[in-house]
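As a plain string of letters, each chain reads:
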Amino acid sequence: MHSHKLFLESAKKTFELEAIAINNLQGLIDDNFVHSCTAILACQGRVIVTGMGKSGHIANKIAATLASTGTPSFFVHPAEASHGDMGMITDKDVVLALSNSGESAEIKAILPLIKRIGIPLISITSYPHSSLATFADYNLNTAVQTEACPLNLAPTSSTTAQLAMGDALAIALLEAKGFKAEDFAFSHPGGSLGRKLLLKVEDIMHRGELIPKVLSNTLLTDALLEITQKHLGMTTVVDESGVLLGVFTDGDLRRAIDNDIDLKNTIIDSVMTINATLVDENLLAAQALLIMQDNSIGQLIVIDADRKPIGALNMQDMLKAGVL
């Protein structure tokens, strides 16, 4: 049985190894950090943070820290991004991708999509010659000599280094923007003031003819035209009386293409998503944003008591309204 002394010695060894990993970052930081800060400061959209596994957990925290310190940011799961959520990323954004090895298959799969959009890509990896680091515009090197795990397998020191690098970015940007205590309070849903807390879904949603809407017997090609014209990355699908039956999103389109669906001869109700996420118009916009982030979706449909669509909104609407 492990003795009292051995437990304490193990903990102290972990602290020591992780402290070394963080201290080593001071010798690794270079102009890539400066260029990364400059790119984010120039960003007119948001910082999209992504990562798989343990790196994904760290990426989630970094996104939250950036958002709460004045840099609009949110986390996108890379596996979801390759199946539709890339629609949440715009040509005004910056992508921050985390992968210790720099060879995460899910991250590598979305690199061509990021390139196609033409936005800056910042990587945080331990291997500056890895696929991700080489592809990125700027790489933040978080190389560690030894994981705190005695088997040198479980991500410990490496994820601590990633977290510290993310904090360094957030604080450097905070100071560059002159972010103050009152700004911090304003950016948190727990604050007592701020537009975030006062805005409701009804204040920012698209109404009437601006709601993308097609009948259930509509051809998929015609539904795509509706999606394109209404600019929300999706369309609602309704019956003859206007009751919502489902939704068809950019993600559904990508999955349809992956499944070799005949786009010209397919009816929308055979490929739509039936269990769409629905909200009430009186819901706070901040709560609606959390629903979108928790469900990794880019759009929301607003319905009335008769289940008829009365509004629609997406992440861009959240951004424009100052909620994100």
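By convention here, each chain's residues receive numbers from 1 onward along its written sequence. With the structure being a predicted model, the display of local features is reserved for residues of pLDDT at least 70 and the display and counting of side-chain atom pairs for 80 or more, all residues being used for whole-chain, interface and lining totals. Each side-chain value is worked out from all heavy atoms of the structure, with water and hydrogens disregarded.

All right, on to the overall build of the protein then. Numbering goes from the N terminus for both helices and strands, where a helix is a DSSP run of H or I of at least four residues and a strand is a run of E of at least two. Helices and strands together make up the secondary structure of the protein, namely 14 helices and 11 strands. Counting only residues that meet the buried cut, the protein has 47% of its 324 residues in that class. Put simply, 66% of the contacts in the protein that link residues at least 6 apart link residues at least 24 apart. Computed with the Shrake-Rupley method and a 1.4 Å probe, the accessible areas treat only the protein chains shown as cover for residues. Only carbon and sulfur atoms are counted for the fraction: they give 56% of the accessible area of the protein, which is about 16100 Å². Three exposure classes are used, based on accessible area relative to the maximum for each residue type with a 1.4 Å probe and protein chains only: buried under 20%, partly exposed in between, and exposed over 50%. Contact criterion: two residues are considered in contact whenever any of their non-hydrogen atoms come within 4.5 Å of each other.

Every buried residue of helix α11 (residues 220-230) is accounted for by Leu220, Ala223, Leu224, Glu226, Ile227 and Lys230. One side of α11 holds all its buried residues, which, seen down the axis, span an arc of 155°. Buried residues along α11 sit against β6 (213-215), β7 (234-238), β8 (244-249) and α12 (250-258). Count one or two residues on from α11 and you reach His231, which has phi positive near 60°. Note that the arc is computed from the directions linking the helix axis to the C-beta atoms.

Any two rings among Phe, Tyr and Trp, with Trp reduced to its six-membered ring, count as a pair given centres within 6.5 Å; such a pair is stacked if its planes are under 30 degrees apart, edge-to-face if over 60, and tilted if neither. By the definition in use, this model includes 0 aromatic pairs. Sitting over a ring, as applied to charges here, requires NZ of Lys or CZ of Arg to be within 6 Å of the ring centre and within 35 degrees of the ring normal. One Lys or Arg, Lys115, reaches over the ring of Phe135 and ends 5.3 Å from the middle of that ring.

In this section: the sheet that holds β6. Here, a strand pair is defined by DSSP locating no fewer than two bridges between the strands. Spatially, β6-β7-β8 is the arrangement adopted by the 3 strands of the open sheet, whose pairing is mixed. Two strands bound the open sheet, and with one partner strand each, they are β6 and β8. Averaged over all adjacent pairs, the angle separating strand axes in this sheet is 30°, with direction ignored. Across 3 bridges, β6 lies against β7 in parallel orientation. Paired with Val214 across the strands is Val237, a residue of β7. Relative to the sheet, α11 contacts β6, β7 and β8, its axis offset from that of β7 by approximately 125°. In this analysis, axes come from line fits to C-alpha atoms, helices being fitted only over the stretch in contact, and the angle between any two N-to-C directions falls in the range 0 to 180 degrees.

Among the 5 residues in strand β3 (residues 94-98), 5 count as buried, and that is most of the element. Residues Val94, Leu96 and Leu98 line one face of β3 and the alternating positions Val95 and Ala97 line the opposite face, and both faces are buried. Pairing between strand β1 (residues 47-51) and β3: 5 bridges, direction parallel. Each residue of the ladder has a partner; that of Val47, found in β3, is Val94. As paired strands, β3 and strand β4 (residues 121-125) are joined by 4 bridges and run parallel to one another. The partner of Leu96 across the bridge, within β4, is Ile122. Of the crossover connections in this fold, the one passing from β3 over helix α5 (residues 105-117) to the parallel β4 is right-handed. Whether a crossover is right-handed comes down to one check: with the strands pointing away from the viewer, does the path from the first strand over the helix to the second run clockwise; if it does, it is right-handed.

Take a side-chain nitrogen of Lys or Arg and a carboxyl oxygen of Asp or Glu: if they are within 4 Å of each other, that pair is a salt bridge. Applying the stated rule across the entire model yields 6 salt bridges. Across the salt bridge formed by Glu9 and Lys5, the nearest N and O atoms sit 3.9 Å from each other. Here the residue Glu9 and the residue Lys5 both occupy positions in helix α1 (residues 4-28), the gap between them amounting to 4 residues, near one helical turn. In this structure Lys5 comes out as exposed when scored by relative accessible area, which is 58%. Of the charged contacts, one joins Lys230 and Glu226 as a salt bridge, the two residues approaching to 2.7 Å between their closest N and O atoms. With Lys230 and Glu226 both in helix α11, this residue pair falls 4 residues apart, about one helical turn. Like Glu226, Lys230 is buried.

Attention now moves to the packing of helix α3 (residues 53-68) against helix α7 (residues 157-177). At a minimum axis distance of 10 Å, the contact between α3 and α7 shows a crossing angle of 15°. Considered as vectors, α3 and α7 are oriented roughly parallel to each other. As α3 runs across α7, the sense of the crossing is right-handed. For the pair formed by α3 and α7, the contact residues are Lys54, Ser55, Ile58, Lys61, Ile62, Thr65 and Leu66 on the first element and Thr159, Gln162, Leu163, Gly166, Asp167, Ala170 and Leu173 on the second. Under the scheme applied, nonpolar residues are Ala, Val, Leu, Ile, Met, Phe, Trp, Tyr, Cys and Pro; charged residues are Asp, Glu, Lys and Arg; polar residues are all the others, including Gly. For the contact of α3 with α7, the residue count by class is 6 nonpolar, 5 polar and 3 charged. With respect to orientation, any angle under 35 degrees is reported as roughly parallel, any angle over 145 as roughly antiparallel, any angle of 65 to 115 as roughly perpendicular, and every other angle as oblique. Crossings are sorted by hand: turned counterclockwise from the far helix by less than a right angle, the near helix makes the crossing left-handed, and turned clockwise it makes it right-handed.

Turning our attention to the nonpolar core. Among buried residues, the Ala, Val, Leu, Ile, Met, Phe, Trp, Tyr and Cys ones that are joined through side-chain atoms within 4.5 Å form a nonpolar core. Counting 33 residues, the largest nonpolar core has Leu121, Leu313 and Met318 as the members making the most contacts within it. At the level of elements, β3, α5, α10 (201-204), α13 (285-294), β10 (299-303) and α14 (315-320) are the ones that each hand at least two residues to this core. The leading source of residues in this core is α5, at 5 residues. The next biggest cluster of nonpolar side chains, apart from the first, holds 25 residues, and it includes Leu25, Cys37, Ile62 and Leu169.

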